[in-house]
2 protein chains.
Amino acid sequence: MEVTTLTDVTESATSKGEQTRELILSTALRLFRQQGYGKTTMRAIATEAGVSVGNAYYYYSSKEHLMQAYYDHLQDQHREAVESILAAEKSFVPRMTGVLRAWLEVSAPYHEFAGTFFKTAAEPKSPLSPFSEQSRPAREASVEIFRRVIDGSDLKLPADLKAELPELLWLMQMGIVLFWVHDDSADLRRTKALIDRSVPLVDRLLRLTRIPGVRGVVNDIVGLIRSIKR
Amino acid sequence: MEVTTLTDVTESATSKGEQTRELILSTALRLFRQQGYGKTTMRAIATEAGVSVGNAYYYYSSKEHLMQAYYDHLQDQHREAVESILAAEKSFVPRMTGVLRAWLEVSAPYHEFAGTFFKTAAEPKSPLSPFSEQSRPAREASVEIFRRVIDGSDLKLPADLKAELPELLWLMQMGIVLFWVHDDSADLRRTKALIDRSVPLVDRLLRLTRIPGVRGVVNDIVGLIRSIKR
DNA sequence: TCCGCTACTTGAACATGTTCAAAAGTCGGT
DNA sequence: ACCGACTTTTGAACATGTTCAAGTAGCGGA
């Protein structure tokens with residue numbers, strides 16, 4: 001259970017401003033972890049980082065933007081962690097399970113204040129919403145992971161379903177994240193159980209698409225998804 | 001497209017305190033609608049209602065609690081609106097579609113600031129979360145509606161699935177709400193399309209459970225749901 | 001060296017949700 | 001009418017996210 005150290009965040013800092021920027025971010029993340037998001041004040045972050053409040057706002061236009069930066073950092077870690085899994089595993093279930101569990105691991109240190117973070121998930125106007133235009137790059141990078149999960153696996157799927165599936169798996173991850181946020185079981189037992197049991201289920205569901213009676217429904221589902229994407 | 005009037009909220013006000021309570025609530029809801037949640041200050045609510053700020057807090061311990069009260073009010077309206085539909089329709093699709101559309105109608109006047117409201121959906125600690133202990137009564141009342149949707153319909157289902165289905169339909173509604181919050185299409189065209197197309201799909205999926213190859217997966221799904229509920 | 005431009009930094013001021021000690025009102029009992 | 005207990009009301013004070021006008025530092029060019 002490796003925990004991200006502060007210096008992990010500070011990488012390739014070059015100019016003067018960049019150093020201050022990273023210093024503020026790493027200080028903020030440390031305080032978030034230590035005392036939670038709500039109890040960490042901007043004044044505390046600034047003081048602890050040895051800068052003025054206004055200076056913190058010069059680099060991060062709001063407290064939520066510090067979260068956004070953290071989120072990006074998290075995703076980078078996840079992308080990295082996923083590589084070895086995708087290289088090693090060849091069938092769908094372990095690939096998907098591994099990817100989800102990897103997310104769980106990199107996010108674990110932040111579980112306590114994650115609620116405050118994902119609070120914004122439902123707020124359409126916030127740039128932090130996973131559905132927003134601003135988070136499109138991060139979202140697409142995330143969807144790309146699931147595309148690789150499928151492409152590198154042994155699944156045989158109808159073309160149209162295969163095209164939509166990465167986004168659906170991403171959506172599934174969003175659901176699991178929502179569950180995780182509410183999960184207060186010891187060692188995240190319940191979330192782990194959810195992952196370990198739901199992925200094989202998805203696998204079975206996907207293989208069901210070969211049954212003739214099912215095919216029609218699948219087509220309709222794909223059609224529905226396509227129609228509401230615009 | 002009937003819009004809730006302020007006096008709809010104020011009903012059966014009796015004692016002195018109750019009157020003030022309702023006055024504050026109705027004023028708050030009016031301002032929320034007129035200027036949005038974020039731009040409505042507690043001072044504005046108090047001033048407009050002709051009371052002091054502290055007095056508003058005497059009745060509602062936070063701004064969010066004013067939302068909670070609104071939410072309860074909304075649910076009451078929904079329950080009422082649903083009666084005629086459940087009395088008239090006898091098959092699943094129109095029953096379910098009607099219930100969802102009724103929700104859309106009573107909620108329509110608040111669509112603009114709904115984002116701020118459902119923001120709390122993902123925050124585990126907030127009593128406003130639909131999954132929280134505090135909102136259990138409201139949630140159960142809502143689930144009950146879906147139980148009636150099923151019980152009064154022509155659906156023939158395996159007993160164990162039938163037992164879990166009301167909660168699943170409630171979850172489906174949560175998903176639709178999330179979609180609705182992000183829907184900025186004219187006249188909520190896209191959300192309406194989502195309802196009208198997804199309900200028949202659910203209907204078809206449910207009838208698929210008769211196919212032998214599907215039965216096993218359904219059992220597993222039901223098992224998974226049951227196991228993660230604890 | 002000095003000028004001017006940009007990047008950076010500051011901290012006081014502001015906006016707003018929330019708290020709280022004190023005041024005012026209400027009401028039943030004597 | 002007065003007392004005491006409880007409910008209701010008040011507004012100033014507080015906490016904290018955010019803004020902004022002003023100041024400082026660094027740096028390339030004359």
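So, a few notes on the structure that sits alongside this text. Computed from a prediction, not measured in an experiment: that's the story for all the values here. (Residues numbered from 1 in each chain as written. Chains lettered and ligands numbered in written order. Predicted model: local features only at pLDDT ≥ 70, side-chain atom pairs only at ≥ 80, totals over all residues. Heavy atoms only, no water.)

1. Topic: the environment of Val53(B)
All names here are of chain B. With respect to the secondary-structure elements, valine 53 resides in helix 4 (residues 53-59). Along the chain, valine 53 and methionine 42 lie 11 residues apart, while their C-alpha atoms are 6.6 Å from each other. Apart from the residues within four sequence positions on either side, valine 53 is in contact with Met42, Arg43 and Ala46. (Helix = DSSP H or I, 4+ residues; strand = E, 2+ residues; numbered from the N terminus. Contact = heavy atoms within 4.5 Å.)

2. Considering the interface of chain B and chain A
Every contact between the two is made by 38 residues of chain B and, on the other side, 37 residues of chain A. Between chain B and chain A lies a buried interface of about 3,200 Å² when both sides are counted; carbon and sulfur atoms form 67% of it. Linking chain B with chain A are two salt bridges. A salt bridge links Asp220(A) to Arg204(B), with the nearest nitrogen and oxygen atoms 2.4 Å apart. On the surface where chain B and chain A come into contact, there are seven residue pairs in polar contact (both at pLDDT 80 or more). Sort the elements by how many residues they give to the side of chain B that touches chain A and helix 11 (residues 212-228) of chain B lands first, with 10 residues. Of the residues belonging to the side of chain B that touches chain A, the class tally is 18 nonpolar, 10 polar and 10 charged. (Buried area = accessible area lost by both parts, 1.4 Å probe. Salt bridge = Lys/Arg side-chain N within 4 Å of Asp/Glu carboxyl O. Polar contact = N/O pair within 3.5 Å; in protein donor to acceptor, adjacent residues only side chain to side chain. Nonpolar A, V, L, I, M, F, W, Y, C, P; charged D, E, K, R; others polar.)

3. Let's talk about the pattern of salt bridges
Residue and element names in this part refer to chain A. This structure, assessed with the given rule, holds 27 salt bridges over all chains. In this structure, aspartate 76 and arginine 79 form a salt bridge, with 2.7 Å as the shortest nitrogen-oxygen distance. With a gap of three residues between them, aspartate 76 and arginine 79 both fall in helix 5 (residues 63-88), about one helical turn apart.

4. A few points about the packing of helix 5 (residues 63-88) of chain B against helix 6 (residues 92-107) of chain B
All names here are of chain B. At a closest axis distance of 9 Å, the pairing of helix 5 and helix 6 adopts a crossing angle of 145 degrees. Seen from above, helix 5 lies across helix 6 with right-handed handedness. Contact residues: Leu74, Gln77, His78, Ala81, Val82, Ile85 and Leu86 in helix 5; Pro94, Arg95, Gly98, Val99, Ala102, Trp103, Val106 and Ser107 in helix 6. (Axes fitted to C-alpha atoms, helices over the stretch in contact; angles between N-to-C directions. Left-handed = near helix turned anticlockwise from the far one by under 90°.)

5. Focus on the relation of the copies chain B and chain A
Least-squares fitting of chain B to chain A yields an RMSD of 0.1 Å, with the superposition described by an axial translation of 0.0 Å and a rotation of 180 degrees. This pairing of chains is accounted for by a two-fold axis. When each C-alpha of chain B is compared by its distance to the rotation axis, Lys119(B) comes out closest, at 2.7 Å. (Least-squares fit on C-alpha atoms with pLDDT ≥ 70 in both.)

6. Describing the protein's contact with DNA strand D
The full set close to DNA strand D counts 19 residues, and Met42(A), Arg43(A), Tyr57(A), Ser52(B) and Tyr59(B) are the nearest of them. Restricting the count to atoms of DNA strand D within 4 Å of the protein gives a sugar and phosphate share of 55%. Between Tyr57(A) and DNA strand D, the recorded distance is 2.9 Å, taken from a side-chain N or O atom to a phosphate oxygen. Within the side chain of Thr20(B), an N or O atom sits 3.4 Å from a phosphate oxygen of DNA strand D. Listed by contribution, the elements that provide at least two residues to the surface near DNA strand D are helix 3 (42-49) and helix 4 (53-59) of chain A together with helix 2 (16-35) and helix 4 of chain B. At four residues, the largest contribution of residues to the surface near DNA strand D is made by helix 4 of chain B. Along the lines of polarity and charge, the residues of the surface near DNA strand D split into six nonpolar, nine polar and four charged. (Near = heavy atom within 4 Å.)

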